[in-house]
Amino acid sequence: MASLFEYAPAPESRSVVDIAPSYGLFIDGEFTDAADGKVFKTVSPSSEEVLSEVAQAGAADVDRAVKAARKAFEKWSALPGSERAKYLFRIARIIQERSRELAVLETLDNGKPIKETRDADLPLVAAHFFYYAGWADKLDHAGYGPNPRPLGVAGQVIPWNFPLLMLAWKIAPALATGNTVVLKPAETTPLSALFFADICRQAGLPKGVVNILTGYGDAGAALVEHPDVNKVAFTGSTAVGKAIARSIAGTDKKVTLELGGKGANIVFDDAPIDQAVEGIVNGIFFNQGQVCCAGSRLLVQESIHDELLDSLKRRLSTLRLGDPLDKNTDIGAINSAEQLARITALADTGEAEGAERWSPACELPSAGYWFAPTLFSNVTQAHTVARDEIFGPVLSVLTFRTPDEAVAKANNSQYGLSAGIWTEKGSRILAVANQLRAGVVWANTFNKFDPTSPFGGYKESGFGREGGRHGLEGYLDV
Amino acid sequence: MPTTLTAFADVTTSDSALRRFLHGLPGVDAVGLEARAASLGTRSIKTTAKAYAIDLAISMIDLTTLEGADTPGKVRALSAKAVNPDPTDRTTPMTAAVCVYPDMVATAKAALNGADVKVASVATAFPAGRAALPVKLADTRDAVAAGADEIDMVIDRGAFLAGRYLETYELIKAVKEACVRPDGSAARLKVIFETGELSTYDNIRRASWIGMLAGADFIKTSTGKVGVNATPANTLLMLEAVRDFKAQTGIQIGVKPAGGIRTTKDAIKFLVLVNETVGEDWLSNTWFRFGASSLLNDLLMQRQKLSTGRYSGPDYVTVD
Amino acid sequence: MSESSTRLSVFKTYKLYVGGKFPRSESGRVYEVSDSKGKWLANAPLSSRKDARDAVVAARKAFGGWSGATAYNRGQILYRIAEMLEGRREQFVREVGEAEGLSKSKAAAVVDAAIDRWVWYAGWTDKIGQIVGGANPVAGPFFNLSTPEPTGVVTVVAPQDSSFLGLVSVIAPVIATGNTVVVIASEKAPLPALSLGEVLATSDLPGGVVNILSGKAGEMGPHLASHQDVNAIDLAGADAALAKELEIAAADNLKRVLRPQPVDDWNADPGTTRMTAFLETKTVWHPTGSLGAGGSSY
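Calculation criteria
Residues numbered from 1 in each chain as written. Chains lettered and ligands numbered in written order. Predicted model: local features only at pLDDT ≥ 70, side-chain atom pairs only at ≥ 80, totals over all residues. Helix = DSSP H or I, 4+ residues; strand = E, 2+ residues; numbered from the N terminus. Rg over C-alpha atoms; globule rule 2.2 N^0.38 Å. Buried ≥ 20, exposed ≤ 12 C-beta atoms within 10 Å, placed from the backbone. Contact = placed C-beta atoms within 7 Å. Pairing = 2+ DSSP bridges. Domains from an automatic or database assignment. Nonpolar A, V, L, I, M, F, W, Y, C, P; charged D, E, K, R; others polar. pLDDT = per-residue confidence, 0-100. Axes fitted to C-alpha atoms, helices over the stretch in contact; angles between N-to-C directions. Parallel < 35°, antiparallel > 145°, perpendicular 65-115°, else oblique.

Q: Could you give an account of the overall build of chain C, naming the residues involved and the relevant values?
A: Counting secondary structure elements, chain C contains 10 helices and 10 strands. In terms of C-alpha radius of gyration, chain C reaches 21 Å, essentially the compact-globule figure of 19 Å for 298 residues. Referenced to the eigenvectors of the C-alpha coordinate spread, the extents of chain C come out at roughly 95 × 40 × 35 Å. Taking all 298 residues of chain C together, the buried fraction comes to 52%. Pairs at least 24 residues apart make up 74% of the contacts formed inside chain C by residues separated by at least 6 positions.

Printed below as a string of structure tokens:
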């Protein structure tokens, strides 16, 4: 970093967001305490400051919320699609109006840089509601036959890596198709969902159509297993995804699962190198690598390995880690102490197994949960860091010699969520993309998202698609 | 670090060898390049860094007038402004150079009166470059003889687009030789590609390498006379080229975006590009310039705002 | 067609159809198959878990070629199956009639429907991609295309009652899109399924694309449902208890599961859901950008 030209801190103002000292569960249009009165604290991962205290839902609260959603379903599903659409358009607009507030809130509660919440998360959240709003009165034309019916009550459990965006991916298609919702945000990032509850109230959404239960995994399990839930949507770890798949066996519940990944980012020797370097960085360091579709395995053609690694190291040295509210921050905080411990343990395993570890000179703040951008070279398919999802800013670099070998290595994983291809040769893009067993393939780009673009995995990365016309299917009785 | 071009000696032995080399350079993905340039444009520069950036930008300006209507009076006014950009604040740095047509070099030189502001002259049948080689060389020698410290030449875009890369290379080499003064010193050579006419990013990267191999001291985006001039993306691409060239040869080459940079905000975005792509080695007017005219007044107004706390207005900077 | 009363007819030994070959069960076991009135028809192989394992290996091996074949080629082969069946129509009318206790005319209607079902799916191979895939108008300089791809190796528990039309109705949609299949035939009426193997073997269908096992779904099912190299399972012919057991086992590697659905009439329009149940959607992003450096974002 140039000493002559240090960027002065440019923090986004916290004053745009007013966080209350405590929040209740949002059930049937009202904020309410948990039946047993339990609460838990949510902290800012960049400072460990307690942001608020929120109600901790238990089984009784799940039951209450499902009942509210069931009651609301009758009228909501009978509403003309054009009316449901207008509610969703209202929500989309209010999100746009409050986007700076929500971006700051999300950065505080999650630890990701304001640059990302401002430029990626929030615009995508609003766009998702806009997109599905338009579907609500056009379902007859969606390719699922005439008058496709909603399923009923959707139980939705979302992760902490994109709290509000995952909420949008779940709630927008559910409401557009006429379902009602009980959603549980992750315990480390409950706040944006609670602010969303307020947005539902501002939009005049009928009571009980959206219910938000903050809490831990037990509440999520109770929701998934509740007998009056018709649809289960989950984004999170593959282990929990498998448990959910088992728990709903033999029921009529429809399920979609968006789970883990170990995305291969394949760089051929004729790649646009400077853009590939950016794509690699974006692929693994976006959101501190806490992204299920992260390009965490770099497969680089052996002939350009050294050159690419040099470029990559040079580029990593310019990444700015620190205060997530600083507009110049590239790398924010890890979401929780637990996640930090997991990343640390896996990185240590990589080192112990003989992979070569490298990080740029990088000062970590004293408070909060931080992990320096890390690169492992001399990694083989047998290394733990090439196989296990780390869910952190850790890139494993492997090599290949031929396109066949690249594809074979890329596919050699129990996961199949994402992959990247970097080459200037168009026919090679198409040939390789054809062979990759992954739900999303980025050619000469990475980590791009759009509400019209279906997202979801092959193999143990889950099933069902979110986004686009495909995203309707999981919420319709078809 | 090697400081030699010998590794590339084979590259310029024939048209076909040069073509093979240029077409073997990594391709450029337009969307990715533009996205990176745009993302660097969101960097937020504040307080002390901003004051530093404004002064740096002022000191990097080649204050330019390249009009058919240029007169000695106009050039003298410009020169005075280059030496003393803000009469109300003598701490304001001088610009790097004034940039004029060859016939105005002597006027500018005299007007600058020994101040540490260079005289840059466009040459080689600027801006179109459509003239015979002897004319271009005479144009260059004329400017050098009149006292030009720097020569801003244009490449023959026609030759480049027709695939005559070696001819393009030889032209630059010839002009480079024409920059040598009788005492053996030489004017610094800036090579203008007219990126707007080269059209593709791949062409800009190839032209950059031709220029660097032929001995350019600076590579420069444009003449300011066509629709698309300097952009964050084409400047980023050229910065990547000089970065790669230095890594492979040890030879450092300057970059000059020109045309279309009018505001302080724009200029700071370009400085961020420099800082993040090639680092502080390039953060001086020896290695980075802005070809601009109206930019200076905007920088001066921002500078006044920083020192007084009030927003300035156009009546508080000089019109030249 | 009546035989001379003095001539002894030649029985057929029913065999499995695995990897394009006709093995006996590696276990050496068989079980008696009777008609609806209890009359012995034949001994069918009682497949073991090892037969199931071999079938998965064969199906996996065939997957690359079959999924990589052009949709037109797959359609041609599915149509060829219909042609071959048409030629052996009488045999299947007899076997289906015996298996399901149907009159000759009713059995003929079932066989005709099964033949027509192959024709229906033969026509789908090069259309399903257009119906369920397409370009997505993303908000940026990208070309974004979603295409359906086969899930991989699919295990099918075939319907118990509809031994032939039901069987064809569950395996044809799976292979039409490029999947390969390991099917457990109706336990009590496996003979039409085993005979279908003979048709498939002469229809240009590459070996291993369809693998047919006879025996007990309750015995083989759990091994196939938990098999880590099987990508999906269709529980059409499993009863509620077995379906639940297999669905739980299938979660081990997150198989796509098609739960048993009541089918009143196998003659009804099949729709597309049996195809889409075993399709993945792959979405590929390509930058488009501008033609030149001057064009797009400035």
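Q: How would you summarise the sheet that holds strand 1 (residues 22-23) of chain A if you had to cite specific residues and measurements?
A: All names here are of chain A. Overall, mixed pairing links the 3 strands, which are arranged 1-5-4 in an open sheet. Both edges of this open sheet fall to strand 1 and strand 4 (39-43), since each of them pairs with a single strand only. The pairing of strand 1 with strand 5 (residues 50-55) spans 2 bridges and is classified as parallel. Of the residues in strand 5, the one forming a bridge with Ser22 is Glu53.

Q: Describe the domain arrangement of chain A, with residues and values.
A: Residue and element names in this part refer to chain A. As far as domains go, chain A holds domain 1 (14-259 + 458-473) and domain 2 (264-443). When each unit is reduced to the centre of its C-alpha atoms, the spacing between domain 1 and domain 2 is 30 Å. Taken together, the contact pairs 23 residues of domain 1 with 26 residues of domain 2. Its residues placed into classes, the side of domain 1 that touches domain 2 shows 7 nonpolar, 8 polar and 8 charged.

Q: Describe in detail the interface of chain C and chain A, supporting the description with residues and values.
A: The interface of chain C with chain A comprises 27 residues on the first partner and 31 residues on the second. Going through the elements one at a time, strand 4 (142-150), helix 9 (240-250) and strand 10 (279-287) of chain C are the ones with two or more residues in the side of chain C that touches chain A. With 8 residues, the single largest contributor to the side of chain C that touches chain A is strand 10 of chain C. Per-class residue counts for the side of chain C that touches chain A are 13 nonpolar, 8 polar and 6 charged.

Q: Residue-level account of the confidence of the model for chain C, with values.
A: In the predicted model, chain C carries a mean pLDDT of 95, and the fraction of residues at 70 or more is 96%. Confidence estimates for the predicted assembly give a pTM of 0.95 and an ipTM of 0.96.

Q: Requested: an account of the packing of helix 3 (residues 99-110) of chain A against helix 6 (residues 191-202) of chain A, with residues and values cited.
A: Relative orientation and spacing of two packed helices are given, respectively, by the angle between their axes and the distance between those axes. Residue and element names in this part refer to chain A. Put simply, helix 3 and helix 6 touch, their axes get as near as 9 Å, and they point 150° apart. Between helix 3 and helix 6, the interaxial angle falls into the category roughly antiparallel. Mapping the contact onto sequence places Leu102, Leu105, Glu106 and Asp109 in helix 3 and Leu191, Ser192 and Phe195 in helix 6.

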